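Reading the structure
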Amino acid sequence: MADAQELISFIASMTGEGNLRVEENLGEGFVRLRVAEAERRQAKHDIQHVEDIVIEMLRNARDAHATAMYVATTKEGPVRTLLFLDNGSGVPADMHDRIFDARVTSKLESMKMDRWGVHGRGMALYSIRENTDESRVVTSAPGLGSSFKVVADTDRLPERADQSSWPQATRDDTGHWICSRGPHNIIRTACEFALEEQHGCDVFLGSPAEIAATLHTQALSSLDASKMLFVDDETELPVVDRLGCASDAADFMRIAAGLGIQISERTAHRILSGQIKPVRSVTARLLRTRREPKPNAPIDLTRDRRGLKIAKDDLDEFSRTLERDFESIASRYYLSLTREPRIRVSRDSITVTFDYQKGE
């Protein structure tokens, strides 16, 4: 890439930069631009604010069939860093850089029109790279989702001054949730997209530590432990599940770095100990105080609202069965019950407690 740029600079110095940008001089001050120059100018127009990057990346993830999208964002001085992770279809290794070229798209037959316009021209990633200091694929593979990193200088590409306020949600004339009031910042951009795609995907927004905590918690609840025994490298897993493999803080830091999330060892310890909590989806957070009361429904007389009730005779029989079954494990580990199994029935669960002592 550097050699190509040097060649272009050399040609421009010898022939004049205009010759590289103009296909035909039409006279009277009119010219026909070369395709590359027209694309460059269009790209500069497509992305005018940091918030434009957010919506384009979320649309990309949606079109890659992602159902969960994670946006981790930080700002140091004028530099805004954005990390986008998703569980979509992923990008082959040999396409990690080429997808940022103009007119490169995977949507030959699936161009989509949404409230933000046409999507599928192969210009979104190109436009983002043209307007930012860094835009790259951190990690991605077919079927495993993706992680993209974008770094923008807000002195050159502006963003809203207020990046902490959340919008409010109201229903429009058709009964759909929309954002109202509040600055058009990164948060609102994510919320508007999430409401538009409410039944297709979830969007999670937070700091790198919060997103790491969210990925870790969700992975632990979804990963099958038996399958983990056959995983030699966490990169064989979907991007959004990899933090579930972390065995300690050092491992957590290493895996997070492979996703583009840079955290300290102290932060890793805090995530693993539960001190840093996962975030809820932006839709859940946005609507948390906007849930409308449900209309009064007729009382269902067949539903037991007091919870499950089990007759004493049935509980006694259940306890005896459990005590007999306990003997199979007790004989192998030299255990003996100190009392009969205790059974507690609550509204949504049955809890059984075995009090035991270990033999010599």
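Residues numbered from 1 in each chain as written. Predicted model: local features only at pLDDT ≥ 70, side-chain atom pairs only at ≥ 80, totals over all residues. Heavy atoms only, no water.

1. Comments concerning the overall build of the protein chain
So the rule is basically this: Note on conventions: DSSP H or I runs of at least 4 residues are helices, E runs of at least 2 residues are strands, and numbering of each starts at the N terminus. Exposure classes here rest on a 1.4 Å probe applied to the protein chains alone. A residue is buried below 20% of its type maximum, exposed above 50%, and partly exposed in between. All accessible areas in this document rest on Shrake-Rupley with a 1.4 Å probe, and a residue is counted as covered only by the protein chains that are shown.
Each helix and strand counted, the protein chain has 12 helices and 15 strands in total. By residue count, 38% of the 360 residues in the protein chain fall in the buried class. For the protein chain, the exposed area adds up to about 21800 Å²; of that, 50% sits on carbon and sulfur atoms.

2. Considering the nonpolar core
Nonpolar side chains in soluble globular proteins tend to be buried together. This is how it is decided: By nonpolar core we mean a set of buried residues, namely Ala, Val, Leu, Ile, Met, Phe, Trp, Tyr and Cys, connected to one another through side-chain atoms within 4.5 Å. Note on definitions: a residue-residue contact is assigned when non-hydrogen atoms from the two residues lie within 4.5 Å.
Ranked by internal contacts, the top residues of the largest apolar core, which has 39 residues, are I53, M69, L82, F84, F148 and V203. When neighbours within four sequence positions are excluded, F84 is seen to be in contact with I53, V54, M57, Y70, V71, S146, S147, F148 and V150. Y70, L85, F204 and A249 belong to the second-largest nonpolar core, a separate cluster that totals 29 residues.

3. Description of the side chain of T283
When you line up the elements, T283 lands in helix α11 (residues 282–286). Under the relative-accessibility criterion, T283 is labelled buried at 10%. Setting aside its immediate chain neighbours within four residues, T283 contacts A194, L195 and Q198.

4. Let's talk about the confidence of the model for the protein chain
Definition in use: Residue-level confidence of the predictor is what pLDDT reports, using numbers from 0 through 100.
Averaged over every residue, the pLDDT of the protein chain is 81; the share at 70 or more is 73%. Here residues 289–295 is a poorly scored stretch, pLDDT under 50, and it has 7 contacts once near neighbours within four places are set aside; other chains count. Taken as a whole, residues 299–305 scores under 50 in pLDDT and shows 3 contacts with residues more than four places along the chain or in a different chain.

5. Let's talk about the sheet that holds strand β8 (residues 146–153)
Counted only if it meets this: Each pair of strands is called paired provided DSSP finds at least two bridges between the two strands. Axis lines are fitted through C-alpha atoms, for helices just across the contact stretch, and the angle between N-to-C directions can take any value from 0 to 180 degrees.
Overall, mixed pairing links the 5 strands, which are arranged β7-β8-β4-β3-β11 in an open sheet. A single partner strand is all that each edge strand has here, and the edge strands are β7 (134–140) and β11 (202–206). Averaged over neighbouring strand pairs, the angle between their axes works out to 15° when direction is ignored. Sheet topology note: the strand β3 (residues 68–76)/strand β4 (residues 79–86) ladder contains 8 bridges and is antiparallel. Residue T74 lies in a different strand from β4, and its bridge partner there is T81.

6. Thoughts on the packing of helix α4 (residues 50–63) against helix α5 (residues 124–131)
Filter applied, for reference: When an angle is under 35 degrees it counts as roughly parallel; over 145 it counts as roughly antiparallel; between 65 and 115 it counts as roughly perpendicular; any other value is oblique. Each helix crossing is assigned a hand: it is left-handed if the near helix lies turned anticlockwise from the far helix by less than a right angle, otherwise right-handed if that turn is clockwise. Basically, the charged four are Asp, Glu, Lys and Arg, the nonpolar ten are Ala, Val, Leu, Ile, Met, Phe, Trp, Tyr, Cys and Pro, and anything else, Gly included, counts as polar.
Two elements in contact, α4 and α5, have axes whose closest approach is 10 Å; the angle formed by their N-to-C orientations is 150°. The orientation of α4 with respect to α5, classified from their angle, is roughly antiparallel. Between α4 and α5 the crossing geometry is left-handed. Between α4, through I53, E56, M57 and N60, and α5, the contact on the second element is made entirely by A124, L125 and I128. Split into classes, the residues belonging to the contact of α4 with α5 amount to 5 nonpolar, 1 polar and 1 charged.

7. Considering unusual backbone geometry
You will see that H65, though not glycine, has its phi angle at about 70°, which is positive. By the secondary structure assignment, H65 is in the loop between α4 and β3. In this structure H65 comes out as exposed when scored by relative accessible area, which is 63%. Even without glycine at this site, R181 takes up a positive phi of about 60°. Its relative accessible area of 55% is what places R181 among the exposed residues.

8. Details of the packing of aromatic side chains
Basically, it comes down to this: When the centres of two rings from Phe, Tyr and Trp lie within 6.5 Å, Trp using its six-membered ring, the rings pair. Their planes under 30 degrees apart give stacked, over 60 give edge-to-face, and anything left gives tilted.
The tally for this structure, following the rule as stated, stands at 2 aromatic pairs. Seen from their ring centres, Y70 and F204 are 5.0 Å apart, and the 10° between their planes marks the pair as stacked. In this pair, Y70 is assigned in strand β3 and F204 in strand β11, connecting sequence segments 134 residues apart. Like Y70, the residue F204 is buried in the burial classification.

9. Quick look at the pattern of salt bridges
The following threshold applies: By definition, a salt bridge exists where a carboxyl oxygen of Asp or Glu is found within 4 Å of a side-chain nitrogen of Lys or Arg.
For the structure on display, the rule yields 11 salt bridges. A salt bridge links E56 to R59, with the nearest nitrogen and oxygen atoms 3.0 Å apart. Placement of the pair is E56 and R59 together in helix α4, with a separation of 3 residues, close to one helical turn. The exposure class assigned to R59 is buried, which follows from its relative accessible area of 1%. In this structure, the salt-bridge partner of R80 is E159, at a minimum N-O distance of 3.0 Å. With R80 in strand β4 and E159 in the loop between β8 and β9 (168–171), this residue pair connects regions lying 79 residues apart in the sequence. In terms of burial, R80 and E159 fall into one category: buried. A single salt-bridge network, built from bridges that share partners, covers R62, D63 and E197.

10. Section: the side chain of D153
For clarity, the cut-off: Here the positive residues are Lys and Arg and the negative ones are Asp and Glu; neither His nor the chain ends is included.
Residue placement: D153 occurs in strand β8. Despite its burial, D153 pairs with no opposite charge; the closest candidate is R156, at 4.3 Å N-O. Once residues lying within four places of it in the same chain are set aside, the contact partners of D153 are P78 and D133.

11. With respect to the pairing of strand β10 (residues 177–180)
The pairing of β9 with β10 spans 4 bridges and is antiparallel. The residue bridging Q168 from the neighbouring strand is S180, located in β10. A loop of 5 residues connects β9 with β10, the two strands running antiparallel in sequence, and G175 in this loop sits at a positive phi of about 95°.

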